[in-house]
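What follows is each chain in one-letter form.
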Amino acid sequence: MARRFLADFSEGLRVSEHVVPDPSAFGYARNGRELLLANDSDNSILSRFSLAEIIPILRANRWLIVLCTLGAFSMAFVGTLMTTKQYQATSILQLNPSNAKEVKVDDVVDFDIRGIYETERFYRTELALMRTRTTALEVIRRYNDLQYDDLTIEKGVPRLLGMLTVFPRERSSLIEISITSPDPHKAALLSTLYAQAYVDLNLESRRSASREAKVWLETKIEEYELKVAASAAELIEFKRQHDVVDLEDTVTAVSERMDEIDERYGRVSTDRLLLTTKMASYDELLAQNKVAELAEVLGTPTLLALSRIYAEARTDHATVGARYGERHSRYQESAATLTRIREELRREVSSAVEAERARLSLFQAEETSLLDEIDAVQESLLTRQGFQAEFDQKRLAYERSEAFLRRLSLRSDELSLSSRTQLNNALLREPARVPTGPISPNLFLNLLVGLFAGAGAGFGLAFLRHSIDDSISSPEDVTNFLEVPFLAMVPKVQAPPGVNPDLITYTDRRGLAAESVRGLRALLEMNPNGRKVQRLLVTSAVASEGKTSMCVRLGIAYAEFGRRVLLIDADHHRPRAHKVFKMENNLGALDIMRGQCSITDAVMPTEIPHVDLLSLGARGADAARLFASDDFITLADELQELYDLVIIDTPPSATLSEAIQLSPLADGVIFVVRAGKVSRRVVRHTVDRFKKVDARILGVVINDVEPVATGAYGYLYGYKYGYGPYGAPSDDDDAEDQQVAG
């Protein structure tokens, strides 16, 4: 099977046997995080979380999530117990636009105009009036009259309005007026007082307009009574002095004309009176700065549209204020917008009122014009008929004044009947009852919110921790994120001057590094993958993770037990095994496969008893093809007959494929990961590449761990690392490898 696998790889490599593979051609970078950016094809996979990554992250941070959840849950519980209980009492009103009179009469001021009170605008206006300062002040006055002093006229209005909630019931004319307070009895009392105050103020407002019109009518009636009496006396005196007789035929035409003008004058005067009354109401609302209410009463399309925009702006302004506070820039912007809309609404209302005022001026001008026309007719009549015409003029003036007086008297009677039979269209249907239980705080809801908020915070902190440091630094990272066995953790060791750091486990056999590697050897001896390990492949995701040092140290650990160990340097990109033992790389594996020397010529004994080295040999363009060919399989089989353990040092595997090609030859693959250096996703991506070819992965060794003694087996880990390109050998490679060899 291994031969077939390598044959497939070597077939693809023959086309490039005259070119030495360059790791940069694969988008490879020494820094594992740079690799995520360099390899576009991998970046689309590794740059976002998948379900396979989320579950390990949550599992690794499960205690953090549990602690956050319990903390938020406890805070919600304690906060609920410490929060003052609030009680809400509700009174129910009924608003009925048609419920205004017992007897149907014509009003001077029409309160039942369809399209105003039988539409949604009526209810919106009434709801706005319920929340006005005038209503709140009346409630506080009545509340103080009952010997309660916790709400005052000076400072109690904002507090009362803050306690108030007005809400219409859907598909009904019922309005709920609710008061929320820590005292259930005061909540019920204030709710009832608020409903009663609104009912009384509403009725008083309706009757006030009728009273003002009645006063005006009474003044006009007195004026016309005097005018009629004077006209009658003047007519009698004129007739007595001049002895004028009626000439019906002469004045018939003039009389008919005068009747027509008189009828027009009556209509115009009545319209002017109605408009004058309305203008008084408009001026009163304008003086009280009730621009929104006046806009609803005027009811032009422009004003209605601006009223809706103003209401929405007020709602948005309140929402921004509640969310961000008054000092926030969004609140200031919202306040400016609200002021601008309010000024625009004021301008439009003023324009509409001025339009009505202009209309009134037209009525007055028409009335004056009619009077002038009457005077003109009278003058013509006097010219033609002399004293008879003058007499008829006086008589007609008398009759006209008398007719107008009758009209005014009729309207006054109707208005008196209307005011006496006027009913309130706001009725208190159900006074508030003392609430038996609080509406807040809601223990169950608060605990549920605390539970979800704590869990959400725990999840957020878990992913934040993962984003801040996504490297491999603990056994849990290996098992949770890579989902492969954890083998060992090798500490970073500072070698004394003059001591080769790669051989520290040989020179200092009692050190932590030696103990860690011996523990790894013991674990491998226990056959973790179900078969005896005779051929071991060691690799890493990126460069400078200490895989060559790990090969040497593993060989030392096995040799201590009398095992014959051979180290094969298969990293033809940057061979370094011969440098560890300070040997020459004259003959090696490549030379054997080329037939230029024998195994005996190429294998070199090291200063470590029972440990031999087969270096790479002379590098060439055919190196990649030779390691993927049957020649290497044959060589590996022959060497296996001579040694108890063969350890193969391969190039990094994140983007290079040599280690994957050689993995079928090995009894197991060990990944060396330098603590805190490489992204978990890069290592996981590398491990997944081996899994796809069914490589026998023994596990991961975390190398170069910063130890701080906290007990026999406890460690705290800190990380400082740098990166550089992995490519052709350089003079700096040895120095860098010496640094990370521990």
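Up top is the structure.
To start, this report covers the structure provided alongside it. Residue positions are counted from 1 within each chain, in the order its sequence is given. Residue-level local features of this predicted model are given only where pLDDT is at least 70; pairs of side-chain atoms are given and counted only at 80 or more, and the full residue set underlies all totals for whole chains, interfaces and linings. Excluding hydrogens and water, the side-chain figures rest on all heavy atoms present in the structure.

**Details of the overall build of the protein**
If you tally the helices and strands in the protein, you get 27 helices and 12 strands. The buried label goes to any residue with under 20% of its type's maximum accessible area, the exposed label to any with over 50%, and the partly exposed label to all in between, with areas taken from a 1.4 Å probe on protein chains only. Counting the 742 residues in the protein, one finds 47% classified as buried. The contact rule is simple, with two residues in contact once any of their heavy atoms fall within 4.5 Å. Intrachain contacts of the protein at a sequence separation of at least 6 include 82% that bridge at least 24 residues. For every accessible area listed, the method is Shrake-Rupley and the probe measures 1.4 Å; residues are considered covered only by the protein chains on display. With the model as given, the accessible surface of the protein reaches about 37,100 Å², and the carbon-plus-sulfur share is 54%. Counting from the N terminus, the helices are the DSSP runs of H or I reaching at least four residues and the strands are the DSSP runs of E reaching at least two.

**Here we look at a nonpolar patch on the surface**
Candidates for patches are residues over 30% relative accessible area with no salt bridge; among them, like charges are joined within 9 Å and nonpolar side chains (Val, Leu, Ile, Met, Phe, Trp, Tyr) within 5 Å. A pair is scored as a salt bridge if a Lys or Arg side-chain nitrogen falls within 4 Å of a carboxyl oxygen belonging to Asp or Glu. Together, Phe73, Phe444, Leu448, Leu451 and Phe452 make up a nonpolar patch on the protein surface, roughly 510 Å² of accessible area in all. Within the secondary structure layout, Phe452 lies in helix α15 (residues 443–468). Exposure remark for Phe452: the relative accessible area of 59% places this residue in the exposed category.

**Some points on the packing of helix α16 (residues 475–482) against helix α26 (residues 680–692)**
Packing of α16 against α26 brings their axes to within 10 Å, and their N-to-C directions diverge by 55°. Taken together, the axes of α16 and α26 are oblique relative to one another. Here α16 runs over α26; the crossing is right-handed. Side by side, α16 and α26 meet where Asp477, Phe481 and Leu482 of the first sit next to Arg680, Val683, Arg684, Val687 and Lys691 of the second. Across the contact of α16 with α26, the residue classes tally to four nonpolar, no polar and four charged. Every axis in this analysis is a line fitted to C-alpha atoms, fitted for helices over the stretch in contact. Angles between the N-to-C directions lie between 0 and 180 degrees. Note on angle classes: values under 35 degrees are labelled roughly parallel, values over 145 roughly antiparallel, values of 65 to 115 roughly perpendicular, and the remainder oblique. By the definition used in this description, the sense in which the near helix is turned from the far one sets the handedness, with an anticlockwise turn below a right angle giving left-handed and a clockwise turn giving right-handed. Ten residues, namely Ala, Val, Leu, Ile, Met, Phe, Trp, Tyr, Cys and Pro, are considered nonpolar, four, namely Asp, Glu, Lys and Arg, are considered charged, and the remaining ones, Gly among them, are considered polar.

**So, the environment of Leu554**
With respect to the element layout, Leu554 can be found in helix α19 (residues 547–559). Residue classification places Leu554 among the buried positions, given a relative accessible area of 0%. Separated by 40 residues in the primary sequence, Leu554 and Ala514 have C-alpha atoms spaced 9.5 Å apart. Leu554 has contacts with Val517, Leu520, Leu524, Leu536, Ile647 and Ile670, leaving out every residue within four places of it along the chain.

**Section: unusual backbone geometry**
Following Ser440, the chain continues into Pro441 via a peptide bond in cis, with omega recorded as 0°. On the secondary structure map, Pro441 appears in the loop between β4 (426–430) and α15. Of note in this structure, Ser544 is not a glycine but carries a positive phi near 65°. Relative to the assigned elements, Ser544 resides in the loop between β6 (535–540) and α19. Judged by its relative accessible area of 7%, Ser544 is buried. Unusually for a residue other than glycine, His610 sits at a positive phi of about 70°. Structurally, the position occupied by His610 is in the loop between β8 (604–605) and β9 (611–614). Judged by its relative accessible area of 45%, His610 is partly exposed.

**So, the sheet that holds β4**
Within the open sheet, the four strands sit side by side as β2-β3-β1-β4. Their pairing is antiparallel. The open sheet has two edge strands, β2 (164–168) and β4, and neither has a second partner. Looking at each pair of strands side by side, their axes are set apart by 30° on average, direction ignored. Strands are labelled as partners when DSSP assigns at least two bridges between them. Note that strand β1 (residues 87–95) and β4 share four bridges and pair antiparallel. What sits directly across from Leu93, in β4, is Leu428. Its contacts with the sheet place helix α6 (residues 120–130) against β1, β2 and β3 (174–181), and it is angled at close to 140° to β1.

**Notes on helix α12 (residues 301–324)**
Because the α-helix completes a turn every 3.6 residues, residues three or four places apart line up on one side. In this model α12 runs 34 Å from its N-terminal to its C-terminal C-alpha over 24 residues, within 8% of the 34 Å that 1.5 Å per residue would give. Regarding α12, the residues found buried are Leu303, Leu304, Leu306, Ser307, Tyr310, Ala313, His317 and Val320. To estimate the expected span of a helix, count its residues, drop one, and scale the result by 1.5 Å.

**Some details on the packing of aromatic side chains**
A pair of aromatic rings is counted whenever rings of Phe, Tyr or Trp (Trp by its six-membered ring) have centres within 6.5 Å, and the orientation is called stacked for planes under 30 degrees apart, edge-to-face for over 60 and tilted otherwise. Using the criterion set out here, one finds five aromatic pairs in the structure. On the basis of an interplanar angle of 15° and a centroid distance of 4.8 Å, the ring pair of Tyr143 and Tyr148 is categorised as stacked. Owing to a relative accessible area of 0%, Tyr143 belongs among the buried residues under this scheme. For Tyr148, a relative accessible area of 33% gives the class partly exposed. Between Tyr224 and Phe404, the aromatic rings sit 4.6 Å apart at their centres with planes inclined by 50°, giving tilted as the arrangement. Remark: Phe404 occurs in helix α14 (residues 387–421) and Tyr224 occurs in helix α9 (residues 184–242); sequence separation between them is 180 residues. In this structure Tyr224 comes out as buried when scored by relative accessible area, which is 10%. Relative accessible area serves as the criterion here: at 8%, Phe404 is assigned to the buried category.

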